[in-house]
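# A structural walkthrough
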Amino acid sequence: MMCWTAKSFIQGLSYSVKYCSKDNHLQKICLYSKLKPKKCHILDWSGSTRNSTVPPGSILPWRFFSCKQEGTEIPCKRKKIASITTPELLYKDLLKSEQKNWNEISGRYKAMAKRIKKKIEELHKKYTLSSESPRIKVGESVYFEENGCIFLSKANDVDEGNVRILFSAEDLGFDDAFIQRIRISPDQRYMATSLKSENSEAATCVVMKLGDFPVVEKVIPNVFSFEWVTNDVLYYTSQKNLKCQDVFMTTFTKQKHTELVYTEQDARFFVDIYCTKDRRFLTINSNSKTTSEVWLVDCRHPFKSPVLVQARTKGVIYHIEHRNDELYILTTYGEPAEYKLMKAPVSSSGMENWQLVYALEEKTKLIDLEMFSDHCILFLQNAGHLYLNVISFVSHSVQSIKLPAWACAFELESHPEHTTSTCYFQLTSPVHPPKRFAYSFKENNLIEQAVQEVPIITNCHTTRLLAKSKDETLVPITVFHNTNSKELHRKPLLVHVYGAYGIDLNMSFKEEKLLLIEEGWILAYCHVRGGGELGQSWHKDGCQHNKLKGLHDLKACIMLLHELGFSQPKCTALAAASAGGVLAGALCNSNPELIRAMVLQAPFVDVLNTMMKTHLPLTIEEQEEWGNPLADEKCMKYIKSYCPYHNIKPQCYPSVFITAYENDQRIPLTGVLRYVQKLRKAALDHAGRTKKKGNWIPNIILDIQANGSHCDSSWEDSLNEVARQLAFLKKELEDV
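Report on the accompanying structure. Every value quoted in this text rests on a predicted model; they were computed, and no experiment measured them. (Residues numbered from 1 in each chain as written. Predicted model: local features only at pLDDT ≥ 70, side-chain atom pairs only at ≥ 80, totals over all residues. Heavy atoms only, no water.)

### Description of the sheet that holds strand β14 (residues 258-263)
Ordered by their spatial adjacency, seven strands build an open sheet running β8-β9-β10-β11-β12-β13-β14, and the pairing between neighbours is antiparallel. What marks the edges here is a single partner per strand, and that holds for β8 (177-184) and β14. Mean inter-strand twist for the sheet, computed between neighbouring axes without regard to direction, equals 35°. Both strand β11 (residues 215-228) and strand β12 (residues 233-240) contribute to a ladder of four bridges, which runs antiparallel. Considered in β12, the bridge of F226 is made with Y236. (Pairing = 2+ DSSP bridges. Helix = DSSP H or I, 4+ residues; strand = E, 2+ residues; numbered from the N terminus. Axes fitted to C-alpha atoms, helices over the stretch in contact; angles between N-to-C directions.)

Put into structure tokens, the structure is as follows:
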């Protein structure tokens, strides 16, 4: 136990901004991260800070964070130009060429992919927790979703005979959409639900008037976030061209009306909203990658103008919760520039009145924070291990609990009530199925919940390593392998990397990872700079003019793994998704001899050309991550020095398998097509020049999906993608 006072100051709080948007968002990225239960999406039920607009297992937006920029929408060129231009013809030719190439070579993977798919489905049935959907309790009522329908029952009584159906996506004409978020008005007279197609990032909000015969009251297109402020007043943000700029208020009183409440003028900022846990305030959050500003709407007076908490200050990020007329502020304000918990009176919320509440030991990262009426729970990570710290606002004390050593990730269950006496959550790792735990505030202890009879994984060993990078920085690696495996240097190794936006690698359970472990593979997760594993400074040390540090980290990690006897280059593959494609593609150019194969999913591989095109919807915002090559010649040269597309050259490349999406709004297919064409030509040029006997020519394969998007694919499509990717890896590594 350690004493807790407002004056205590322990240096070095780190925090991954799940707090602002677990839509976090997105949170972490990993290649094989697209599996999810059939017709089952983890919904965002809560009214808290932890949203969940991204379904489980999806790729997270590489232009992520809750701070995408807003500006003038640039209409699609095809709408403006009647005739087909040369670039359009070239694009169509490249697309047809790659589709033809895939059709010709895909047959070699079909049989193996079919076997892999069957094994993954079996593991899913064996290890997945009960498919029971998240539930939200409002008074004596319980709301839950199954197969595109929303049901209502009495608390603790969900038998079929006592359940009412309130909503059916299919009946309303949303056949191809899934339910993304649900909000119930305080008096339960209205329900707002957002539906999202797997081929689009835009969501539609449907407001139902509940009662004996629920009816549709209003349909609002292109909505990102929404909250009930009172029984009949709904606030929402509109999304246009991947950006959110406007906040609206719409009423369901006798005098129905909708009005604009807030508009963000800065193109670098993205706006979302949420209610504090006690529902006292609605917060309007305007965030860039490095700076934020919050406005409060008093839920008791929803028609009054929003009140500013603290004007945006360059480099200061903050997020707001409320308790007993005090604002609790999670912020990077002060030294060190890591997240820390502070507080201030509601009546004088300016930065000059912020008082330190709690800070953590050095190199300890705050992964998530959840507020309750008398407690605050912090999920922490230190040296790769997870901890639970419980702050008591009554006794002014902190209880610290070390969680099981095998745990690598956690997830809070459903929406914990503000006044609850127990906090439920699940612990997991890439090869350990979710295990349910509960912390009792009354008993002050952690309880392992044995609800489901899920087999325990005992044949997997977890190792945590530190690799010394080029500048002597120690880079964490998490390694998993079968405890029964012998001669590890001969086993295939799959290395995962991301390293951007301060986002951690996805360390949650995936059946395909357990399958690889059971078949003797080694899995390694390289927590390189640019990611968020060690806090804000870890991210800053790997972005903009420091991006090459992430590449040096990755190289050091792979070399250490080989030195310690974890596989060897000819049995090693690299996996990355989205922005992780930058470091993976860069390593493929700089040190192709370290790996035999690479699998990329919706990869960002043309940084320079993308950042030179300011008409793209997210380019201005991305300058805080990659720099501005248009305004800074040094920046342009620096990006060019590591950009995967610009550094392709004739040499012996590893085999590459890329999955891309025609409907990807975040990473245009055009850039991926050019990258594949250039890479394939370079590999063939090298093979033609050397003409050595038995010269190896790598397979450069592009699998273009007509369905799905950057963030979502159906269960069946996701399963097929993973099966094809694994079939490719097995042929490349196991047939050596």
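### Description of the pattern of salt bridges
Per the stated rule, a full pass over the model turns up 33 salt bridges. Between D553 and R529 there is a salt bridge, with its nearest N and O atoms 2.8 Å apart. Of this pair, D553 sits in helix α6 (residues 547-563) while R529 is found in the loop between β34 (522-526) and α5 (536-540), placing the two residues 24 residues apart along the sequence. Owing to a relative accessible area of 0%, D553 belongs among the buried residues under this scheme. Three or more residues are tied together by salt bridges with common partners; here these are D471, R529, D541, K549 and D553. (Salt bridge = Lys/Arg side-chain N within 4 Å of Asp/Glu carboxyl O. Buried < 20%, exposed > 50% of the residue type's maximum accessible area, 1.4 Å probe, protein only.)

### Describing the environment of I639
Within the element layout of this structure, I639 appears in helix α10 (residues 633-642). When its relative accessible area of 0% is taken as the criterion, I639 is described as buried. Residues in contact with I639, not counting those within four places in the same chain, are V607, L608, W626 and P629. (Contact = heavy atoms within 4.5 Å.)

### Examining the environment of S292
Within the secondary structure, S292 sits in strand β17 (residues 292-298). Counting along the chain gives 20 residues from S292 to R312, while the straight-line C-alpha distance between them is 5.6 Å. For S292, the contacting residues outside a window of four places in its chain are F269, S286, N287, R312, V316, I317 and Y318. A distance of 2.6 Å separates a polar side-chain atom of S292 from the backbone nitrogen of Y318. (Polar contact = N/O pair within 3.5 Å; in protein donor to acceptor, adjacent residues only side chain to side chain.)

### Examining the nonpolar core
By size, the foremost hydrophobic cluster in this structure holds 110 residues, and its most contacted members are I477 and L554. Broken down by element, this core gets its largest block of residues, nine residues, from helix α12 (residues 715-733). Excluding its chain neighbours within four sequence positions, the residues that come into contact with L554 are V495, V497, C526, V528, L574, L583 and L587. Counting 18 residues, the second largest nonpolar core, distinct from the first, contains F372, F379, L412 and Y439. (Core = buried A, V, L, I, M, F, W, Y, C linked by side-chain atoms within 4.5 Å.)

No statement about biological role is implied by the geometric values presented.
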